[in-house]
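Structure at a glance
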Amino acid sequence: MLLNRLCSKSGAEVCVSTLPKRFKHVNAKHLAKKFYETLGVAENCEDETLRLAFVHLAKRFHPDSGTSEADAVRFSEIESAYREIRKIRSAQRDQETSSEVEEFDIKHTAPQHRRYLNFDIGVGTPSKRQQLHTIQRAQKAVENVMEHRLKKLQAEERNTLIGMDKQKAKDIKTRAGMDRLVEDLIQDAMNKGEFSDLPGMGKPLKFSSALNPYVDFVTHKLNQVLIDNGFTPEWIQLSKEIREETEELKKKLAEARNDVSEIPLTPKDKLIWHDKLEKFKTTTSQINNKIDKYNLVVPILQKQMLHISLDKLAEKALLVPPSKKINKYADTRHNVSKESMSHDLYDFISNIFSKKIT
């Protein structure tokens, strides 16, 4: 009767430690069986299966779950059963561990415990420790994935506008701190009088109006030293020669233009103009060779030049009217006068012969 009364109580109210000593061994198994029945699992189930069963029942019967099966009393029984089973299993593991850790001779203990070198985690059979080892590896992998994602999010945040603003603000603070440090050092040096004996103290600064504001002082001085000693870069010298020779060629074309008549040219003027252009082809070829050499040595791509074209220069020169007025029809009129004179002479002789005959 006492056993039935004790067994009829809920798991939340009964604890194995409260039973009388003469019923403790018998009722412990009975209560443990009832706890397993409350959770709906077998007595030899794994710890993970037990936990999943408790979570499933808690979702069904928890008062705050919002389901139709929510029941505070039922949930209290489930929670008590789960806790008692955990206590029973923990006590069993402690008992097994204490029984296994007995001092024996090394000859007897070494072969028996050699299996614990594999999956060195937890207690129990090799299969249980292997399962615990697998679970631990999975949890570690999850932690590594989460840590990788956090680092990735932090890196993306640094690349966003907010992250760039933060980095810029940090750089400004660092630069301002360095400026303050340098200013403090300068002030300390001034207070110590380290700037009192400098050369040129109290005199106005030398300022050169030819100084390029976009060139630093060191580069300007180097260029000035080179120029004072007669050094000129090759590409600058070539540019000067090309420009001068091109202008000279244009002047010669303008002078040759005065030897022909206005446009359109007569056949005779075309021959004269063609002969003059043949003389300028050598000069044009020399200028173009210098342009090729200039394009190879010039350091700035935008400064490169194109070849000059003698035909285009000649066309521009012909568009300018000649300074000397040349009668393009002079030879034609001369020929006409000769023909008219011969014709008049023939008429005169024929008239004389006709008068004599009559």
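Residues numbered from 1 in each chain as written. Predicted model: local features only at pLDDT ≥ 70, side-chain atom pairs only at ≥ 80, totals over all residues. Heavy atoms only, no water.

This part takes up the overall build of the protein chain. Of regular secondary structure, the protein chain possesses 12 helices and zero strands. The order of α-helices and β-strands along the protein chain, N terminus first, is α-α-α-α-α-α-α-α-α-α-α-α. Put simply, the protein chain has 358 residues, and 19% of those count as buried. Counting only contacts in the protein chain whose residues sit at least 6 apart along the sequence, the fraction spanning at least 24 positions is 53%. Accessible surface computed for the protein chain: about 28,900 Å², of which carbon and sulfur atoms make up 57%. (Helix = DSSP H or I, 4+ residues; strand = E, 2+ residues; numbered from the N terminus. Buried < 20%, exposed > 50% of the residue type's maximum accessible area, 1.4 Å probe, protein only. Contact = heavy atoms within 4.5 Å. Areas by Shrake-Rupley, 256 points an atom, 1.4 Å probe, with all protein chains shown as cover.)

This part covers the nonpolar core. Within soluble globular proteins, side chains that are nonpolar generally end up buried alongside one another. If you look at the biggest cluster of nonpolar residues, it comprises 20 residues, and the most contacted ones within it are Leu249, Leu253, Trp273, Leu277, Phe280 and Ile287. Counting residues per element, the ones that place at least two in this core are α9 (234-257), α10 (267-297) and α11 (310-319). In terms of residues, this core owes the most to one element, α10, which gives six residues. If we ignore the near neighbours within four places in the chain, the residues touching Trp273 are Leu253, Ala256, Arg257, Val260, Leu265, Ala314, Ala317 and Leu318. (Core = buried A, V, L, I, M, F, W, Y, C linked by side-chain atoms within 4.5 Å.)

On to helix α8 (residues 217-228), then. Compared with the 16 Å implied by 1.5 Å per residue over 12 residues, the 16 Å span of α8 between its first and last C-alpha is a close match. Backbone geometry just after α8 places Gly230 at a positive phi near 80°. (Expected span 1.5 Å × (residues − 1).)

Turning next to the side chain of Ser239. Here Ser239 lies in helix α9. Residue classification places Ser239 among the buried positions, given a relative accessible area of 15%. Sequence-distant contacts of Ser239, that is, excluding residues within four places in its chain, are made with Tyr294 and Met305.

In contact at an axis separation of 11 Å, α10 and α11 are set at 135° when each is read in the N-to-C sense. Judged by the angle between their axes, α10 and α11 are oblique. Here the hand of the crossing between α10 and α11 comes out right-handed. Contacts between α10 and α11 involve Trp273, Leu277, Phe280, Lys281 and Thr284 from the former and Leu310, Ala314, Ala317 and Leu318 from the latter. (Axes fitted to C-alpha atoms, helices over the stretch in contact; angles between N-to-C directions. Parallel < 35°, antiparallel > 145°, perpendicular 65-115°, else oblique. Left-handed = near helix turned anticlockwise from the far one by under 90°.)

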